[in-house]
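Read off the chains here:
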Amino acid sequence: GQTHCFAATMAIQRRVCLLVLGFSLTAGFIDLVTLVHFSQFAGLQTGNMILIGRDLYRLTLPDESKTELLKAIAFHVATLISHFAGV
């Protein structure tokens, strides 16, 4: 009756919660690895926008290497474009 239906619903909710937790942990791990290795975020596009803004500001500073900053900005933009093209 209703007890069996409630138990089945709880079991499904538990599985869904575990699946969501697994996806969240995986996404966080991938972002950590790509941030450490490439100085980019794989899934956190807000972070990439912040990095672009930071590098655009650094372009205005006199002691910064303009070529390296432009390369970094291009890399951040390419990451954004490829993310949105894939989504």
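Notes on the structure follow. None of the values given here were measured: they were computed from a predicted structure. (Residues numbered from 1 in each chain as written. Predicted model: local features only at pLDDT ≥ 70, side-chain atom pairs only at ≥ 80, totals over all residues. Heavy atoms only, no water.)

**Concerning the overall build of the protein chain**
Operational definition: Strands are runs of DSSP state E lasting at least two residues, helices are runs of H or I lasting at least four, and both sets are numbered from the N terminus onward. Working definition: with a 1.4 Å probe on protein chains only, accessible area under 20% of the residue-type maximum means buried, over 50% means exposed, and in between means partly exposed. The criterion used for residue contact is that any of the two residues' heavy atoms lie within 4.5 Å. Calculation of accessible area relied on Shrake-Rupley with a 1.4 Å probe; when residues are assessed, cover is drawn exclusively from the protein chains displayed.
Of the regular secondary structure elements, the protein chain holds three helices and zero strands. Helices (α) and strands (β) of the protein chain occur, in sequence order from the N terminus, as α-α-α. Across the 87 residues that make up the protein chain, the buried fraction comes to 17%. Of the contacts made within the protein chain by residues no fewer than 6 positions apart, 40% connect residues no fewer than 24 positions apart. Here the protein chain displays about 6700 Å² of accessible surface, and carbon together with sulfur accounts for 73% of that area.

**Digging into the pattern of salt bridges**
Between side chains of opposite charge, a pair can form when the charged atoms approach closely. As a reminder of what qualifies: Take a side-chain nitrogen of Lys or Arg and a carboxyl oxygen of Asp or Glu: if they are within 4 Å of each other, that pair is a salt bridge.
For the coordinates displayed, the defined rule picks out four salt bridges. A salt bridge links Asp55 to Arg54; its shortest N-O distance comes to 3.2 Å. The salt bridge partner of Glu68 is Lys71, with a shortest N-O separation of 3.7 Å. Residue Glu68 and its partner Lys71 are located together in helix α3 (residues 66-86), separated by three residues, close to a single helical turn. The structure contains a network of salt bridges with shared partners spanning Arg54, Asp55, Arg58 and Glu64.

**Section: a nonpolar patch on the surface**
Keep this limit in mind: Only residues whose relative accessible area exceeds 30% and that form no salt bridge are eligible for patches; like-charged ones are grouped when within 9 Å, while nonpolar side chains (Val, Leu, Ile, Met, Phe, Trp, Tyr) are grouped when within 5 Å.
The grouping of Phe29, Ile30, Leu32, Val33 and Val36 at the surface amounts to a nonpolar patch, some 490 Å² of accessible area in total. Judged by its relative accessible area of 49%, Leu32 falls in the partly exposed class.

**A short note on helix α2 (residues 45-59)**
What sets the pattern is the α-helix's 3.6 residues per turn: residues three or four places apart point alike. What counts is decided by this rule: A helix is expected to span 1.5 Å for every residue after the first. In this context, the arc is that of the directions from the helix axis out to the C-beta atoms.
Its 15 residues give α2 an end-to-end C-alpha distance of 21 Å, which sits within 8% of 21 Å, the value for a rise of 1.5 Å per residue. When we look at burial in α2, the residues that qualify are Gln45, Gly47, Asn48, Leu51, Ile52 and Asp55. All buried residues of α2 fall inside an arc of 150° around its axis, so they share one side. Among the exposed residues of α2, those oriented more than 90 degrees off its buried face are Thr46, Ile50 and Tyr57. Elements in contact with the buried residues of α2: α3.

**Digging into the side chain of Thr34**
What counts, and what does not: By the criterion applied in these results, polar contacts are pairs of N or O atoms within 3.5 Å in which, for protein atoms, one can donate a hydrogen and the other can accept it, and in which residues neighboring in sequence qualify only through two side-chain atoms.
By the secondary structure assignment, Thr34 is in helix α1 (residues 2-38). Within the structure, Thr34 has its side chain in polar contact with the backbone oxygen of Asp31 (distance 3.2 Å). In this view, Thr34 contacts Ser39, Gln40, Phe41 and Ala42; residues no more than four positions away in its chain are not counted.

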